Structure formats: C-alpha cells, structure tokens
There are 2 protein chains.
Amino acid sequence: MIPKKDGHPHGHETLRARGFRLTEPRRLILDVVRATDVHPTAAFVYRRVRKKLPRVSLATVYRNLRMLAAEGFLAERADAAGMRFDGNTLPHDHFTCLACGRLYDVPARADRAVRARVATRTGFEILNHRAEFYGRCGACRRQTGRSPVKGQRRS
Amino acid sequence: MIPKKDGHPHGHETLRARGFRLTEPRRLILDVVRATDVHPTAAFVYRRVRKKLPRVSLATVYRNLRMLAAEGFLAERADAAGMRFDGNTLPHDHFTCLACGRLYDVPARADRAVRARVATRTGFEILNHRAEFYGRCGACRRQTGRSPVKGQRRS
DNA sequence: TCCTTTTTAGGAATCATTCTCAACAAGGCC
DNA sequence: GGCCTTGTTGAGAATGATTCCTAAAAAGGA
C-alpha cells in the first residue's frame, strides 16, 4: 500500500504530479513490472495483479501499461511474440540467449561515439539508440551441447 | 521468369541447392521482398504477389516468409505492429524516423569492439548483434516544426 | 451535495498469424 | 505410362494478442 522506495528513477509521487491519478490498478501494475526482471508481457502482469485485485480487467492492464510506457515510466519492447514491458527506464541494452531464450539486461554502454558516427554518415538526427545482442548466456555455455532453439515459452 | 542478378547474397539457384523447390509462389515472394526497401509486412507481400498470382493464399505467403527467413534468405524483424521482412541480409542496422515513421537501413558498422566489450563484461558469448537508431531523417529535419507522432500507418 | 471528468470491468471486436486438411504437383521407380 | 512418396498449396477455421465500446463506479471540485 505504501509506495516502494526501491531506487527506480521515478517514484509514484511523480506519477501524480504529471496529472495521473494513482489508482489501485495502476499502482499494482507499476509495482509488478518494477518488481521483476523478466520483461513481462501484459498477460504476466495481469496474472500478478489479479492476485491482489481479482476483479481487475485485462483491458485495464493493457490500457495502463501503454499509458505508463508513453509517459516514460516503463519501457516498451516488441519481440516476435508480442509486447514486453520493462521497469528499467535507464538506458541499457539487451541480451537474448539463443539457447534458453532468456532476456537479460546489459547495464549500459559508453558509446556516444556510435551515434555521432551514424549521424554524420547518414545526415539523420539521432535522438536515441538501442542495441540487441544475441548469443549464449553463462549458464548455457556451461551446459555444452545445448543447441539454440526456435520456439520459446511466453511468460 | 528469369532469376534476377541483383547483387544480393543469395541467388535463386542456392534455394534449390538447399533442398527447396523454387515454386512459383516462392519465387514471387522472394522477388517482392527483394525488390523493395520498405521492409514489407506479410500483408504487403501478399498484395504484391497477388498481382501476378491472384489465387495465392495468405497462408502460403506467411509460411514461405517464415521459411525463407529461417533459412537466411530474408531477415525478420519484430516491431510494435507486427513482423516485417527485409531482403537485405547483409549485416546492417536500422534507423526509425520518429517524425514520419519511415524505417531506413544504416549500411554497416565497424564495431566488433562493442561485442568484445560486452562479452567480457557479462560472460556471455555474443554471436550477433543489431542496433536500432531513433531520431529524425533528413527530409523531416528540413520541415522544422514537424513533431514526432505516435501512430504510424502499416504497409 | 451535485456536476464533471477520469477510470474501470467486462465483453465484444479486430487483426495478425498459425493451423488443419484435402487436393495437387514433382520426382523417382517399376 | 502408371504408382508411390513427399513437399506444397489454397481455403478457411482457429488462435491469440491487443484494442474498442459502453455503462457504471470513483474521484475531485465548487
């Protein structure tokens, strides 16, 4: 019931300040996304929120995830199977393990240089960029012989 | 009717060699994706292929796009609105213009260094990586006052 | 309190993608 | 040529994620 103090870049109070009401469903949705590192789908958030608020509607979850992402409280990410959300709004990249399918955060990068190079080469104004890495994570490297798989479970 | 000699990394003959039959629908699907730079959706490809082969089924288009991508003849890309395909299988990055929504190819990059850095920092084995840039393209920069939009048309 | 605005639950609608399956085409073999 | 085996297709149904619609509830302000 009390806003978490968890070191995330935005507090719940900020939400209020931007003209949102911090309703019960919204608070729970935000907390669920921030409390996990699995880059949850809407369905995952829905399941979690329902434990605390059984009558919540799936439409409410979608509506608010979209809204919170549009306002910058969450990050939104498309992958082959649909949309995922990310409570970590600090700039960071992603690593996808081709063996187990897990998605990891890669803390940061120091390459403003990359943007500058692309900007001069193309004439585009670069406002943002993101990198996606693919390979095998530490756990899967240890289990040798495990080969990359195609279909991955959703969560 | 005759395979295009267009500088793309794979010719139709290669398809045959890998155990595919180069059927009429397949040839047309591949040609459509390779003949455009708009990173087409399945629906776009379907519309184009139908001009030459009116009885083609949408399922056939999806089936073969997926198959051709799995075999490396096309690249597959997820964005917020669904899957897009790309005839350019050479390593390249993408630039999305936030003003007009267009997606451009960014020819290449020279940073193996980035991969090495991430690999040592995380302990992951990096097999591949891709960068996505966001900003304003040359055309939109000239039209000042044009602000980024959210909803973009599909094609 | 009354009025206005925002938000919600619930279910229907939409839309991309995949599945099912019977018919069809190609190639090998007799 | 006929006969099998295997891969491919078209058509439409099925699935699944996401969005839309609407009436009711909640919040806030005067």
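Read on for an overview of the structure. (Residues numbered from 1 in each chain as written. Chains lettered and ligands numbered in written order. Predicted model: local features only at pLDDT ≥ 70, side-chain atom pairs only at ≥ 80, totals over all residues. Heavy atoms only, no water.)

**Observations regarding the pairing of strand 5 (residues 125-136) of chain A**
Within a regular strand, the side chains alternate between the two sheet faces.
Turning to step 1, where the next piece is worked out: Strand direction decides the pairing type here: strand 3 (residues 93-97) of chain A and strand 5 of chain A, joined by four bridges, are parallel. Following the sheet pairing, T96(A) is matched in strand 5 of chain A by Y134(A). (Pairing = 2+ DSSP bridges. Helix = DSSP H or I, 4+ residues; strand = E, 2+ residues; numbered from the N terminus.)

**Structural notes on the interface of chain B and chain A**
Turning to step 1, where the next piece is worked out: Of the residues lining the interface, 35 residues belong to chain B; the matching set on chain A comes to 35 residues.
Turning to step 2, where the next piece is worked out: Linking chain B with chain A are two salt bridges.
Turning to step 3, where the next piece is worked out: Among the salt bridges present, the one from E125(A) reaches R136(B), with a minimum N-O distance of 3.0 Å.
Turning to step 4, where the next piece is worked out: At the boundary of chain B with chain A, the tally comes to 12 residue pairs in polar contact (both at pLDDT 80 or more). (Contact = heavy atoms within 4.5 Å. Salt bridge = Lys/Arg side-chain N within 4 Å of Asp/Glu carboxyl O. Polar contact = N/O pair within 3.5 Å; in protein donor to acceptor, adjacent residues only side chain to side chain.)

**What about the relation of the copies chain B and chain A?**
The operation relating the two chain copies consists of a rotation about an axis and a shift along that axis.
Turning to step 1, where the next piece is worked out: It takes a turn of 180° to lay chain B on chain A, together with a shift of 0.0 Å along the axis; the resulting RMSD is 0.1 Å. Considering both components of the superposition, the chain copies are consistent with a two-fold axis. Minimal C-alpha distance to the rotation axis in chain B is attained by A131(B), lying at 2.1 Å.
Turning to step 2, where the next piece is worked out: Looking at the interface residues of chain B, 100% of them are also at the interface in chain A, so both copies use one shared face. (Least-squares fit on C-alpha atoms with pLDDT ≥ 70 in both.)

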